[in-house]
Every structure is written in structure tokens, then in C-alpha cells.
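Observations on chain architecture
What follows is the residue order along each chain.
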Amino acid sequence: MTLVELRRKIDTREAIVGVIGLGYVGLPVSCAFAESGFSTIGVDLKAARVAAINDGVSPLEGDEPGLPAVLAEVRRTQRFRATTDVNELADADVVVIAVETPIDADHRPRLEALVAACSSVATTLKRGALVIIESTVPPGTTDSLIAPLLERATGRRLSEDLHLGHCPERVMPGKLLANLRGMSRVCGGASRETAETIVALYRTIVNADLDATDCLTAELVKTAENAYRDVNIAFANELALICEAVGGNVWQVRELVNKSPGRHVLLPGAGVGGHCIPKDPWLLIANARDSVARLIVAARQVNDSMPVHVVDLVCRILEGADRRIGESRIALLGYSYLENSGLPLNSPSIIVAERLRELGAHVVIQDPHVPEHARSVQDAAQGVDCVVLMVAHAQYRELDWVTLRGLVRTATMVDARNIVDEAAASAAGFTYGGLGKMASRGLTPAALHRR
Ligand SMILES: NC(=O)c1ccc[n+]([C@@H]2O[C@H](COP(=O)([O-])OP(=O)(O)OC[C@H]3O[C@@H](n4cnc5c(N)ncnc54)[C@H](O)[C@@H]3O)[C@@H](O)[C@H]2O)c1
């Protein structure tokens, strides 16, 4: 099959689309292709996930507006089905690969799942098929690892009877379908014609810019956009630490800095969680780390240090109230990594809870969006010595501090997101400590390291 023939099959929806990996990326994209009229086959190693999908039930955690309805519809029309058997992709004209690409404890990329997925489909891949890597990968991976792997395993020549591209995802959990349909994408191809074919394919599901480019550029764009965000968050966090050290208030400073043209200092906070931002900077620098990457590494270190810093703030405010951390009860409000969402993936709260428990504290976690922690705030606050605001959930902006004052044992709080009305909490009798402004509450730098 030539690319011209594939373009025709895309235009007429005769093309069969295979998707390997049915997680946060692979399931929505499968549903979107099926909804737009392609016969779509999804493959996953997890039999339970495949069974749920075939029953029309999304196995993804968290609320995903629109996805259950589209999945139910494409199962009803039988445009989409899932299987554990990769050989069922033998007739696929396009194979999208959306398996996990994590990092290990040393921040090195683990590409085993990607290599395994490519190796397994290579044995069954139809002549002239187009393989598209949607997984996020270190720059250079598609050209230097995947292309030779596929050529070797299939015995075919790249851009002759085998086509390859990289079209990374920009979705965020909680908005998977909306992001998929509405956000622009880079479409990298091993040849210009391949990139343009990928544009034609994604035009059937994406209502935004689709930019044809090469695979390396697409890999760089995807990882750079998340590294950029991470570095900017790290700047805000470092500014918060500086403000604490000199007795300033980062929230005021940020607001006033942002009045200067072209300045957009982000919000500081308790750390960076989620799937992509803590990981993708390491993927970006994976093949350059020892030579040139310094800022991105430093930014990761700053952001990773923030949950530990929140624990320091808790210790300091308890010390000011003559409470020892090891004998304290702490209410942690917010367990997800993102405001108004229920996904705890890599959440800073996980680290804060662990550290506090290591120090001997009793920790009660509350989060209205995370089912296992969905107790009431009042329940969580019973008898505690410190209330810690970790996530800017809307509900936490409305807390009744007078009622909470009657429930806690010691009236202290640490606000890591600047969402509490400090005057109201103080008037209710709480000693307020805020990330990025705590020293301005009379807690001097000299007290910083005392326990
Ligand atoms: N989750 C996000 O928000 C997001 C956003 C943008 C990009 N990405 C990137 O997309 C990729 C996929 O992420 P995800 O969150 O969907 O991962 P996920 O863990 O939710 O899903 C991956 C799926 O692939 C399956 N799988 C692994 N190896 C397989 C194989 N050989 N054959 C068949 N199935 C296999 C797993 O069983 C799993 O169900 C990653 O590279 C990630 O960095 C994720």
C-alpha cells in the first residue's frame, strides 16, 4: 500500500486503525477514530481492561466528561473493539502506539513497553502500514530506536513499504476528549509525505492546527513544552523560598511583578504532580543530560523539594505553638495533584503524608474528589494540631474557620496554595502560616531550622 492509497482510505474511512495501549491516551484516541467512522481495534496486555472496554465501560480513574458516552456508542455501532491479541492488527492500515514510557528512580527513560509493543506488532504488520508513536519519548527515539527496530523486524524499508511517524498527545486527565479534539498537535513523519498523511488522519478527529514536521522536532516539541512549564513553576517556587527567607510575601510580589509587561510568574505551590510534568523534562534531556542540561535539572530539584518544604513549614508553625511534630495530629486537605480533580498520581500530598508519618505525626487525609479520602473537612479536623491546605479545591475557599476552631486541638494552619482568607482564619483564632509568606508572620529565618 502506498501513502497515496492510504490517504484515499483515510478520506473514505476505509482505513482500519489499530491502537496499542488502551490507557489515558490510547482509549480516547481509539474512541475518537471509531466515532469519526474508522473501524478501530484496540490492543492491551491487561485482560480486565480489555473486557471492561468491550462491555462499554471506561476503566480510567477519575471523571472523563464525554468519554463513557462515546465509548458506549462506538461499542454499540461495533466500530471499536478491544483485544489482548496483537495479531488482530494484521489488517490494520494505521497502528497507533500509546503505551507507557516511564522513568526509573535515576530519572532514566524506561522504553521497554514501547520496544515490546513495536516488536510485537512488527511480526504482524501489513506491508505499507503507517506506525504512529503517540507515547512521549526522548528526542531521537523514533529515528534511532524505533525505525531500525521496525525495519529489522519486518524486513521492510522505511518510507517505502513501511511508514513511521510521531504524533505526541497533549491531553490532560479530566479533559481527555476535549483536549484531544480541541488542541493543536505536531505531526512528525519519517518523510514529508508521511507527516502530511498523519495530518490528514488526525484532521478527522482534531479541530485545531496540525503541523507537519519531522519526528525529532515532534519529540522535542512535546517534551520541551512540559519542561518549559516545569522550569516556570520552579521559578515561582524558588521565588516563594526567597520571599520566606527575607520576610517577603511571594503572592504580593508575584502580582506586582506581573504588572510589568511580558512577565507571567506562575503560582508557587506544594510541588508538581501528575503524569507528564514531573517526567517529561527528564525525557527531554535523556540524550543530552551529561553535556548541556543544567537549568531543567535544577528546576526538577526545586519542584521536588517543595513537599519537603511544606513539612518544614508545618514543623515550624507547630513549634511556635509549643507542639512537637511527633505528638501531633495533622489534617491534610487535598490529595489529588490538581485542583478540583480526583487523581492522586504523583501528588505532592503523598510525599507530605509520608514525611509527616516518618516524623511520628498522625495524618488524616481529606479530599472531596478522591473517594477513599472523601470524609468531611470537619471530620478530618477533629482534634488536630495543624490543618494543611495542599490543593486549591474550590471547596477549601469556603471553609468556616470559626466552626473548625471549635473542632481542632491546636489552631494552626499551613496554606500551601494561598486560598485561605488569612484575616478570617486569624479572626477565628488560627495561627496562619502561608507558603511564600510565612516568615512575614514573625517567624524569623533563624527559627527555620529549629525543631
Ligand atoms: N496520561 C496522560 O495524561 C498523558 C498525556 C500526554 C501523553 N502521555 C503519554 O502517553 C503514553 C501513554 O500514557 P498513558 O497515561 O495512556 O499510559 P497508561 O499506563 O494509562 O496506559 C498504557 C497502556 O498500555 C498498555 N501496554 C503496555 N505495553 C503494552 C504492549 N506491549 N501491548 C499492549 N498494551 C500494552 C498497558 O497495559 C496500559 O494499559 C506515555 O508515553 C505518556 O507519557 C500521557
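Residues numbered from 1 in each chain as written. Predicted model: local features only at pLDDT ≥ 70, side-chain atom pairs only at ≥ 80, totals over all residues. Heavy atoms only, no water.

The next subject is the pattern of salt bridges. Within the structure shown, the criterion is met by 23 salt bridges. Note that Arg-157 and Glu-160 form a salt bridge whose closest N and O atoms lie 4.0 Å from each other. When sorted by exposure, Arg-157 lands in the same class as Glu-160, which is exposed. In this structure, Arg-409 and Asp-385 form a salt bridge, with 2.7 Å as the shortest nitrogen-oxygen distance. Of this pair, Arg-409 sits in the loop between helix 15 (401–405) and strand 12 (412–415) while Asp-385 sits in the loop between helix 14 (377–381) and strand 11 (386–389); the two residues are 24 residues apart in sequence, bridging distant segments of the chain. (Salt bridge = Lys/Arg side-chain N within 4 Å of Asp/Glu carboxyl O. Buried < 20%, exposed > 50% of the residue type's maximum accessible area, 1.4 Å probe, protein only. Helix = DSSP H or I, 4+ residues; strand = E, 2+ residues; numbered from the N terminus.)

The subject of this paragraph is the sheet that holds strand 13 (residues 431–434). Pairing within the open sheet is parallel, and its five strands lie in the order 10-9-11-12-13. The two strands at the open ends of the sheet, each matched to only one other strand, are strand 10 (362–366) and strand 13. Put simply, the sheet's adjacent strands are angled 20° from each other on average, direction ignored. Judged from the five bridges that link them, strand 9 (residues 329–333) and strand 10 form a sheet pairing that is parallel. Looking at strand 10, one finds that Arg-329 is bridged to His-362. (Pairing = 2+ DSSP bridges. Axes fitted to C-alpha atoms, helices over the stretch in contact; angles between N-to-C directions.)

Moving on: the nonpolar core. One finds Phe-33, Ile-132 and Tyr-202 to be the most contacted residues of the largest nonpolar core, which totals 41 residues. Top contributing element to this core by residue count: helix 2 (residues 26–35), with six residues. Discounting residues that sit within four places of it in the chain, Ile-132 has contacts with Val-94, Val-95, Val-96, Ile-97, Gly-165, Cys-167, Ile-198, Leu-201 and Tyr-202. Val-250, Val-314, Leu-332 and Ile-365 belong to the second-largest nonpolar core, a separate cluster that totals 35 residues. (Core = buried A, V, L, I, M, F, W, Y, C linked by side-chain atoms within 4.5 Å. Contact = heavy atoms within 4.5 Å.)

Right, let's talk about the domain arrangement of the protein for a bit. As assigned here, the protein comprises domain 1 (3–208) and domain 2 (215–451). For the pair domain 1 and domain 2, the summed buried surface comes to about 2,200 Å²; carbon and sulfur atoms form 63% of the total. When residues of domain 1 are sorted by the area they lose upon contact with domain 2, His-107, Thr-136 and Pro-139 head the list and together hold 27% of the total. For the pair domain 1 and domain 2, the number of links is one salt bridge. In this structure, Glu-225 engages Arg-170 in a salt bridge whose closest nitrogen and oxygen atoms are separated by 2.8 Å. At the junction of domain 1 with domain 2, the criterion picks out seven residue pairs in polar contact (both at pLDDT 80 or more). (Domains from an automatic or database assignment. Buried area = accessible area lost by both parts, 1.4 Å probe. Polar contact = N/O pair within 3.5 Å; in protein donor to acceptor, adjacent residues only side chain to side chain.)

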